[in-house]
Amino acid sequence: MVRLITHNLLACHVRGCTTNNFPLAFKDVEIQLREAEFNQDFLRGFLPKLEWRALVDTAKSLNDQSLPDTPPAPEQMDTEFLKALHHVLLEIHVEEGAMVCANCGHVYPISNGIPNMLLQEHEL
Amino acid sequence: MRPRTVYCCTDINQLATSTTKKTGNQNKVLLDPIQTSLASGLNQRCYRAIDVLLFNPPYVPTEEEEVEHGQDTPNIQSSWAGGSMGMHITDILLDQLDSLLSPKGCCYLVTVAQNRPKEIMERVRAKHGLESSVILSRRAGRAFAHPPLQPSRIE
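As annotated in an unreviewed UniProt entry, chain B carries the name Related to MTQ2-Putative S-adenosylmethionine-dependent methyltransferase and is attributed to Serendipita indica. Its UniProt record, at the heading Sequence similarities (unreviewed entry), says of chain B: "Belongs to the eukaryotic/archaeal PrmC-related family."

Quoted straight from UniProt, the Sequence similarities (unreviewed entry) entry for chain A says "Belongs to the TRM112 family." Chain A has a UniProt comment under Subunit (unreviewed entry) that states "Interacts with TRM9."

Here it is in structure tokens:
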């Protein structure tokens, strides 16, 4: 499964494609929702590693509007916000489809929940 | 297991990534397999962000052509063919360690005696500024000793 937490860590790596190569846009996706155990400490700890804008836009592209445009300050993170973040990051699983680079158009397929980031030799 | 960690598991072989997924499910650990070479596709966003990096490389000394063949068309050979000294693929990752490991990050690397672990340790110190030690050494089968090295940042 490509969860949004993983998606937030993947960028296009075609040779020379170094700007506007993140986030990759989901295309023709098949989604499954799977409950995951809620862990506030994990979410708070992982938040600094996230590209927030990319996460919010990607969630919206999958019809989830639950995240605010800017993340709240750590002391203002209430349960409602953390539950929404938990759901978006960890419970939305993209099983089939593709991820497309906005810059170079490269298509990274997703099959059986596994993204294929391999490139052809001439793209390396 | 409580979700405290993101486990990005990479392999160039589709069979390996799908088996990783099944193994995780079987053991009730959510793994995130990615079909890619080493950390390709992750390097940019994981710049100095990986806390623990485990690498079981293709470490068996072989002809160089065997490495290229294995990497072009992923198969069982690509899981072991390491080229001259068995270090062809490992060296590529070692060159990336400094940009992958977080400030407190460490890497566990599986090697065999023919890789000359002591020389690897000297090299990662001189070239990459990383301290390492042999943390476990054992016989595996009749032929190989497996000393995992643990390179980490010099404080």
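What follows covers the overall build of chain B. When you go through chain B residue by residue, the secondary structure sums to four helices and eight strands. In chain B, the order of α-helices and β-strands from amino to carboxyl end is β-α-β-β-α-α-β-α-β-β-β-β. Each of the 155 residues in chain B was classed as buried or not, and the buried ones make up 32%. In chain B, 60% of the contacts between residues at least 6 apart in sequence involve partners at least 24 apart.

Summing up its helical and strand segments, chain A has four helices and five strands in all. Written out in order from the N terminus, the α and β elements of chain A read β-α-β-α-α-α-β-β-β. For chain A, the C-alpha radius of gyration of 15 Å lies close to 14 Å, the compact-globule estimate for 124 residues. Taken along the three principal axes of its C-alpha coordinates, chain A extends 50 × 30 × 20 Å. A separation threshold of at least 6 residues defines the contact pool for chain A, and within that pool the share at least 24 residues apart is 73%.

With that settled, the discussion passes to the interface of chain B and chain A. Counting residues at the interface gives 23 residues for chain B and 21 residues for chain A. Going through the elements one at a time, helix H1 (14-26) and strand S2 (32-35) of chain B are the ones with two or more residues in the side of chain B that touches chain A. It is S2 of chain B that contributes the most residues to the side of chain B that touches chain A, four residues altogether. Its residues assigned to classes, the side of chain B that touches chain A shows nine nonpolar, nine polar and five charged.

A word on unusual backbone geometry. The linkage connecting phenylalanine 22 of chain A with the following residue, proline 23 of chain A, adopts the cis geometry, with an omega of -5°. With respect to the helices and strands, proline 23 of chain A occurs in the loop between helix H1 (4-7) and strand S2 (25-33).

With that settled, consider the environment of aspartate 72 of chain B. Residues and elements named next belong to chain B. For aspartate 72, the position within the fold is in helix H2 (residues 64-72). Classification of aspartate 72 as exposed rests on a count of 11 C-beta atoms within 10 Å. Residues aspartate 72 and glycine 105, spaced 33 residues apart in sequence, show a C-alpha to C-alpha distance of 31 Å.

This next bit is on the pairing of S2 of chain A. Residue and element names in this part refer to chain A. With zero of nine residues buried, S2 is to be regarded as a mostly surface element. Pairing of S2 with strand S3 (residues 92-100) involves seven bridges; the strand directions are antiparallel. The residue bridging phenylalanine 26 from the neighbouring strand is methionine 99, located in S3.

To continue, consider H1 of chain B. Taking 1.5 Å of rise per residue, the 13 residues of H1 of chain B would be expected to cover 18 Å, and the 18 Å separating its terminal C-alpha atoms lies within 8% of that figure. Of the residues flanking the end of H1 of chain B, it is lysine 28 of chain B, one or two places downstream, whose phi is positive at about 55°.

Ranked by size, the top nonpolar core spans 19 residues in total, and within it Leu10, Cys12, Leu24 and Ile110 of chain A together with Leu42 of chain B carry the most contacts. Sorting the residues of this core by element identifies S3 and strand S4 (107-111) of chain A as the ones contributing at least two each. Counting 13 residues, the second largest nonpolar core, distinct from the first, contains Leu4, Ala59, Leu85 and Val88 of chain A.

Residues and elements named next belong to chain B. Looking at the element boundaries, serine 84 is found in the loop between H2 and helix H3 (88-100). We classify serine 84 as exposed; it has 11 C-beta atoms within 10 Å. The residues contacting serine 84, other than those within four sequence positions of it, are Pro61 and Glu64.

In this section: the confidence of the model for chain B. All names here are of chain B. Looking at chain B as a whole, its pLDDT mean stands at 85, while 88% of the residues score no less than 70. Segment residues 141-147: pLDDT under 50, and 15 contacts once partners within four positions in sequence are set aside and those in other chains are kept. Confidence metrics for the complex model read pTM 0.90 and ipTM 0.94.

Thresholds, definitions, all that
Residues numbered from 1 in each chain as written. Chains lettered and ligands numbered in written order. Predicted model: local features only at pLDDT ≥ 70, side-chain atom pairs only at ≥ 80, totals over all residues. UniProt positions renumbered as here; feature names shortened; annotations may be inferred. Helix = DSSP H or I, 4+ residues; strand = E, 2+ residues; numbered from the N terminus. Buried ≥ 20, exposed ≤ 12 C-beta atoms within 10 Å, placed from the backbone. Contact = placed C-beta atoms within 7 Å. Rg over C-alpha atoms; globule rule 2.2 N^0.38 Å. Nonpolar A, V, L, I, M, F, W, Y, C, P; charged D, E, K, R; others polar. Pairing = 2+ DSSP bridges. Expected span 1.5 Å × (residues − 1). Core = buried A, V, L, I, M, F, W, Y, C linked by C-beta atoms within 7 Å. pLDDT = per-residue confidence, 0-100.

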